Amino acid sequence: MNDFLNQVRLVGEWLTSSQQWHGDDGIPHRLLEHLTYSGVSLLFAALIGLTFGLLVGHTGRGAFAVASVANLARAIPTFGLVVLVVTLAGLSTTPVLVALVALAVPPILINTFEGVRGVDPATRDAARGVGMTEWEVLVRVEVPMALPLILLGLRIAAIQVVATATVAAYPGLGGLGRFIVDGLSRNDYQLVIGGSAVVVLLALVVQIVFTALRRVIVSPGLRVSASKS
């Protein structure tokens, strides 16, 4: 208990220190770098995962390939991928973005695919029966009903990316991981746990944002159904 309280005290002292809020090594600058890596990676992952998840979920073609690729991507160690791409492409943001996109695509892809595929076939047939085109069936029927799972996939991906973007510091780049890497190299325990605490807090904020987003854009009936399933 004393160790825990001591850690909390160290984090509090580090967070309230004025030097942590100014300059290129301050929390605001490192947070902006971290959010940039995370945001760009999540954007590309969403474009890939949503596109193929919606397409395959709607048509039913390529389901086995989607599951195989997603499972393979899950098995790739993120840090190992960063090292590999750094070796091949050189030191830049590219290896970090490639690794984070590879990490984020599987949950988005699988949840989008499962959400669309899980729509009641009778509902699809009814939509086609009133004259909807395939595009209208997808956009006006399947996507709204699949939203709980789609948002779940995006939320899982966002939290994983935010937590894993700390790897950007290992090849010498910035982000919140800089605090952890620098702290370990200097044996600065306060810097390590302080940086880790900021990452945890950021992940909690992402969780809260997606929870609020779900309440806003998902209909109450679908929220209840999703919570029971």
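Residues numbered from 1 in each chain as written. Predicted model: local features only at pLDDT ≥ 70, side-chain atom pairs only at ≥ 80, totals over all residues. Heavy atoms only, no water.

### With respect to the packing of helix 5 (residues 94-117) against helix 7 (residues 134-164)
The test is simple: The axes used here are C-alpha line fits, helices contributing only the stretch in contact, and every angle between their N-to-C directions lies in the interval 0 to 180 degrees. In DSSP terms, a helix is any run of H or I states spanning at least four residues, a strand is any run of E spanning at least two, and both are numbered starting from the N terminus. An angle below 35 degrees is read as roughly parallel, one above 145 as roughly antiparallel, one from 65 to 115 as roughly perpendicular, and any other as oblique. A clockwise turn of the near helix away from the far one marks a right-handed crossing, whereas an anticlockwise turn of less than a right angle marks a left-handed crossing. Residue contacts are counted whenever heavy atoms from the two residues lie within 4.5 Å of one another. Each residue receives one of three labels: charged for Asp, Glu, Lys and Arg, nonpolar for Ala, Val, Leu, Ile, Met, Phe, Trp, Tyr, Cys and Pro, and polar for the others, Gly being one of them.
With their axes 8 Å apart at the nearest point, helix 5 and helix 7 run at an angle of 165 degrees to one another. The angle between helix 5 and helix 7 falls in the class roughly antiparallel. The handedness of the crossing between helix 5 and helix 7 is right-handed. Taking contact as the criterion, the partners of L100, L103, A104, P107, I108, N111, T112, E114, G115 and V116 in helix 5 are, on helix 7, E142, A146, L149, I150, L152, G153, L154, I156, A157, Q160, V161 and T164. Split into classes, the residues belonging to the contact of helix 5 with helix 7 amount to 14 nonpolar, six polar and two charged.

### Digging into the nonpolar core
Inclusion rule: Here, nonpolar core means buried Ala, Val, Leu, Ile, Met, Phe, Trp, Tyr and Cys residues that are tied together by side-chain atoms lying within 4.5 Å of each other. We call a residue buried when its accessible area falls under 20% of the maximum for its residue type, exposed when it is over 50%, and partly exposed in between, using a 1.4 Å probe and counting protein chains only.
Core analysis: the largest hydrophobic core is formed by 39 residues, its most contacted members being W14, A45, L100, I108, L154, L176 and F179. Elements with a minimum of two residues in this core: helix 2 (27-59), helix 3 (63-75), helix 5, helix 7 and helix 9 (189-217). Not counting chain neighbours up to four residues away, the residues in contact with L100 comprise Y37, S41, V161, T164 and A165.

### Digging into the layout of surface pockets
Quick note on the threshold: A pocket, in this scheme, is an open set of points on a 1 Å grid over the protein atoms alone with protein on both sides within 12 Å along at least 5 of 7 lines, while a cavity is a set where a 1.4 Å probe fits but cannot get out; residues line either one if an atom lies within 4 Å of a point. Grid points are joined across faces, edges and corners, and a volume is the space filled by probe spheres set on the points.
Counted as a void, the second largest pocket has a volume near 240 Å³. Considering the residues around the second largest pocket, the lining is formed by 14 residues, among which W14, Q20, F179, R186 and L191 are closest to the centre. Breaking the lining of the second largest pocket down by element, the ones donating at least two residues are helix 1 (2-16), helix 8 (177-186) and helix 9. Broken down by element, the residue count for the lining of the second largest pocket peaks at four residues, all from helix 8. Of the residues in the lining of the second largest pocket, the class split is three nonpolar, four polar and seven charged.

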